[in-house]
Amino acid sequence: MSTKRVESTQKTNELIDKLREKHGTELMFHQSGGCCDGSAPMCFEVGDFMVGSRDVKLGEIHGSEFFMSPEQFDYIKGTHLTIDVVEGRGSSFSIEIPLGVRFIAISRLYTNEELENLEEIEVE
Amino acid sequence: MGFEKPKFKEKYENFIGGKWVAPVDGNYFEAISPIDNGVMTKVAQSNKKDVQLAVDAGWAGFESWGKTSVTERSAVLNKIADAMEANLEMLAIAETWDNGKAIRETINADLPLAIDHFRYFASVIRSESGSISDLDSNTVSQEIHEPLGVVGQIIPWNFPLLMAAWKIAPAIAAGNCVVLKPAEQTPVSILLMMEVIADVLPAGVINIVNGFGPECGKPLALNPGIRKIGFTGETTTGKLIMQYASENIIPVTLELGGKSPNIFMESIMEKDDAFFDKAIEGLVLFAFNQGEVCTCPSRALIQESIYEPFMKRVLARVEAIKMGDPLDSSTMMGAQASTDQYEKILHYINIGKEEGAELLAGGDKFENDAYPNGCYIQPTIFKGNNKMRIFQEEIFGPVLSVTTFKDLDEALEIANDTIYGLGAGVWTRDVHEMQTLTRGIQAGRVWANCYHAYPAHASFGGYKLSGIGRETHMMMLNNYRHTKNILTSYNTHALGFF
C-alpha cells in the first residue's frame with residue numbers, strides 16, 4: 001500500500017464534518033505560505049478558491065482535496081503532513097476561524113520504508 | 001519601569017460614518033490578549049450587512065472628502081497625528097496588550113512611526129503637482145490626479161496601528177475614503193485610536209469594521225462598491241483577494257511576507273569597533289517584535305571564515321535578551337500574538353530538530369512567571385542548510401536559521417534561493433561587495449549596514465511571491481488615485497477627415 005502524503009486527525013475529521021454541515025457543501029484545503037497566518041492550511045468551500053493549474057494535489061483528508069503551490073511542494077515533499085486542529089484565533093479567510101479554532105499542519109520526516117512507497121505526484 | 005494593565009470598555013462597536021454603530025446582527029466576539037490569554041473586551045462580529053453600511057458611509061463621506069483641497073486634507077492628517085501623539089502612551093499600552101509585544105517597542109517604534117506616517121503624507125501632498133505638456137502649438141495635455149473613491153483595506157496583526165497608518169494615511173491623503181478591517185487577533189487598539197481622532201475626522205473618511213475573515217473580510221474584498229483592495233497577510237488569502245478583485249476589475253496591493261536573508265561578510269570583523277557591535281545587533285534583530293515581522297531577518301548567512309568568532313559574540317547577545325512582563329519597559333521580547341501562532345512556531349522548532357539542524361540557542365517555550373498562561377517563546381537559533389524547511393518557510397516567530405557561505409557568489413546564490421523577496425540585509429565594510437550584493441539580491445527592500453528601519457520616505461514591497469505594489473513613500477499615492485488626462489485643443493479648425 002502506498003504512503004499517503006497528507007492525513008488528518010480525528011479532531012480534524014470531526015471539524016470537517018461540522019463545517020460541511022454548517023456550509024452545506026463540500027470543502028477543500030490549500031496550504032498557505034508567507035507572513036502572519038501563512039504556513040498553515042486554509043479551508044474553503046469547493047468552488048470558492050480557484051485552484052491553480054500548477055497547484056499540487058497532495059491527497060485527500062476525510063474526503064476533501066488538499067492542495068499547495070508547486071513552489072511550496074518542492075521543499076515540503078520530504079515531510080509527511082498531518083492536519084490537526086488547535087484552539088486559537090487566526091485571521092485569513094479559512095472558514096473554521098469563526099469557531100475559534102485553526103487547522104494546523106503537523107509535519108514529520110518519512111521513514112525510509114515510507115519513502116520507497118510514496119504516492120507518485122506529477123509536478124509541472 | 002512598569003506600566004499598568006490598560007482598562008477597556010466592556011465592548012466596542014464598529015466605527016462607521018463618524019459614529020459608533022452596533023453590528024447589524026448584534027453579535028460580538030471576545031478579544032483575547034496573548035499576554036495572559038485572558039479576555040480583554042468584546043468587539044463587533046460583523047458580516048456582509050455591516051460591510052455594506054461601511055461602504056455606503058464611505059461613499060457618503062467621499063461626496064465632500066473627494067473634493068477637499070490638499071490644504072484641508074493635509075490639515076486633517078496633521079490633526080490625526082497630533083491627536084495620536086497626545087495619547088501616545090495610552091495607545092502604546094493598548095497596542096502592547098492587544099498584540100503582546102513589549103512596551104518599549106510600541107512607545108519607541110510602533111506609535112512614533114504611525115504618527116509620522118500621517119505627517120509625512122500630510123506634507124508630500126502639499127508639495128507635489130500634476131503635469132502639463134504642450135504637445136504642439138495648439139494642444140495642451142494635463143495629467144491630473146483624482147481619488148479612486150472608497151477603498152477596502154485588510155491589515156495584519158503584527159503591527160496593528162502602524163499597518164493601519166501605512167494603509168490609511170496615503171489613501172485618505174489621496175482623497176479616498178477607507179473601509180478597513182483589522183485582524184481578528186488585534187481588533188482593539190485601532191478602535192481606541194478612532195476614539196482619539198474621531199473629533200478631527202470628517203464623517204465617513206475612515207470606517208472600521210471588525211469581524212472574521214470569511215464573514216467580514218471576504219464580503220469587503222468582494223463588495224462592488226470598493227475601487228481598490230489592499231491586503232497584508234499570507235499567500236493563499238492573497239490569491240483569493242486577487243481572484244475576488246478580478247470579479248470587480250479593481251487593483252490590488254498585496255504584501256505577503258518573506259524569508260529575508262541577512263548577509264554578514266568577513267570584513268565586519270576586521271575591527272572590534274562600534275560598527276562590529278552594530279552588525280551583531282543587526283543579526284539579533286531577528287528577535288525584534290518576537291520575529292513577527294514580514295521582513296524578519298530569519299536567515300542569517302555568515303561568511304565561513306568568521307563564523308565561529310562571530311557566532312560566539314552573537315550568542316552572548318542573544319542570551320542577554322530579557323523576556324518577562326511586556327508592560328515592563330526593560331522587557332525586550334513579549335508574547336507571540338495568539339495561541340495558534342504559538343503552537344505553529346513551536347511546531348517549526350520541532351521540524352528544525354527533526355531535520356537535523358543544530359540548535360544553538362533557545363528551542364522551547366518561555367515560562368513567564370508574570371503570566372503563566374501567555375504565549376511566550378525563547379529566541380531560538382538553528383544552524384543548518386538553506387534546503388531545510390526552517391530556511392524556506394516563514395515561521396513568523398523568534399526563530400533564526402543560520403548557514404555559512406564561502407564567497408560573495410555563494411552568498412548571493414543562497415540569498416536568492418527562496419520563493420520570496422521582501423527584505424534583505426547586507427553587512428560589509430567593502431563598498432564593492434556592498435554594491436554587488438545589494439543590486440544582486442532579488443528583494444524590494446535591501447538594508448545596507450542596517451536593518452529594520454521603516455522611514456515613511458522609503459518604499460517598501462516585495463519581489464517574487466512577496467506581493468504586488470509598494471507601500472510607504474509618496475509613490476504610494478499613485479496606488480490610490482486615477483490619472484485623468486485632459487487633452488485640450490486651441491485650434492478652431494476641423495481635422496479635415498470628414
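Predicted, not measured: the structure shown is a model, and the values here were computed from it. (Residues numbered from 1 in each chain as written. Chains lettered and ligands numbered in written order. Predicted model: local features only at pLDDT ≥ 70, side-chain atom pairs only at ≥ 80, totals over all residues.)

## Quick word on the overall build of chain A
Piece 1. Looking only at helices and strands, one finds 3 helices and 7 strands in chain A.
Piece 2. For chain A, the sequential pattern of α-helices and β-strands runs β-α-β-β-β-β-α-β-β-α.
Piece 3. Over its C-alpha atoms chain A spans a radius of gyration of 14 Å, differing by no more than 12% from the 14 Å that the globule rule assigns to 124 residues.
Piece 4. Residue burial in chain A is summarised as follows: out of 124 residues, 45% are buried. (Helix = DSSP H or I, 4+ residues; strand = E, 2+ residues; numbered from the N terminus. Rg over C-alpha atoms; globule rule 2.2 N^0.38 Å. Buried ≥ 20, exposed ≤ 12 C-beta atoms within 10 Å, placed from the backbone.)

## Regarding the nonpolar core
All names here are of chain B.
Piece 1. Ranked by internal contacts, the top residues of the largest apolar core, which has 185 residues, are Met84, Leu161 and Phe264.
Piece 2. Two domains each put at least three residues into this core: domain 1 (11-256 + 466-484) and domain 2 (261-448).
Piece 3. Beyond its immediate chain neighbours, meaning those up to four positions away, Phe264 contacts Ala279, Leu283, Ala300, Leu301, Ile302, Gln303, Phe310 and Trp427. (Core = buried A, V, L, I, M, F, W, Y, C linked by C-beta atoms within 7 Å. Domains from an automatic or database assignment. Contact = placed C-beta atoms within 7 Å.)

## Quick look at the environment of Glu96 of chain A
All names here are of chain A.
Piece 1. By the secondary structure assignment, Glu96 is in the loop between strand S6 (79-87) and strand S7 (101-109).
Piece 2. Note on Glu96: 23 C-beta atoms within 10 Å, which makes it buried.
Piece 3. Along the backbone, Glu96 and Gly47 are 49 residues apart, and their C-alpha atoms lie at a distance of 17 Å.
Piece 4. Not counting chain neighbours up to four residues away, the residues in contact with Glu96 comprise Leu15, Leu19, Cys43, Val101, Arg102 and Phe103.

## What about the sheet that holds strand S2 (residues 27-31) of chain A?
Residues and elements named next belong to chain A.
Piece 1. With mixed pairing, the 4 strands of this open sheet are ordered in space as S3-S2-S5-S4. Strands with a single pairing partner mark the edges of an open sheet, and in this sheet they are strand S3 (41-45) and strand S4 (56-61). Strand-to-strand twist of the sheet, defined as the mean angle between neighbouring strand axes without regard to direction, takes the value 25 degrees.
Piece 2. For S4 and strand S5 (residues 64-68), the ladder comprises 5 bridges, and the chain directions are antiparallel. For Glu60, the partnering residue across the bridge sits in S5 and is Glu65. (Pairing = 2+ DSSP bridges. Axes fitted to C-alpha atoms, helices over the stretch in contact; angles between N-to-C directions.)

## Considerations on the domain arrangement of chain B
All names here are of chain B.
Piece 1. For chain B, the assigned domains read domain 1 (11-256 + 466-484) and domain 2 (261-448).
Piece 2. Relative to domain 2, the C-alpha centre of domain 1 lies at a distance of 31 Å.
Piece 3. At the level of secondary structure, the elements contributing two or more residues to the side of domain 1 that touches domain 2 comprise helix H3 (88-99) and helix H4 (103-127).
Piece 4. The residue inventory of the side of domain 1 that touches domain 2, partitioned by class, reads 6 nonpolar, 8 polar and 5 charged. (Nonpolar A, V, L, I, M, F, W, Y, C, P; charged D, E, K, R; others polar.)

## Focus on helix H2 (residues 70-86) of chain B
Piece 1. Along its 17 residues, H2 of chain B runs 24 Å from first to last C-alpha, staying within 8% of the 24 Å computed at 1.5 Å per residue.
Piece 2. Of the surrounding elements, those touching the buried residues of H2 of chain B are H3, H4, helix H5 (160-173) and helix H6 (189-197) of chain B. (Expected span 1.5 Å × (residues − 1).)

## Comments concerning the interface of chain B and chain A
Piece 1. The interface of chain B with chain A comprises 39 residues on the first partner and 35 residues on the second.
Piece 2. Mapped by element, the contributors of at least two residues to the side of chain B that touches chain A are helix H7 (213-222), helix H8 (235-248), helix H11 (339-354) and helix H12 (389-392) of chain B.
Piece 3. Examining the composition of the side of chain B that touches chain A, we find that 7 residues originate from one element, H11 of chain B, more than from any other.
Piece 4. Split into classes, the residues belonging to the side of chain B that touches chain A amount to 14 nonpolar, 14 polar and 11 charged.

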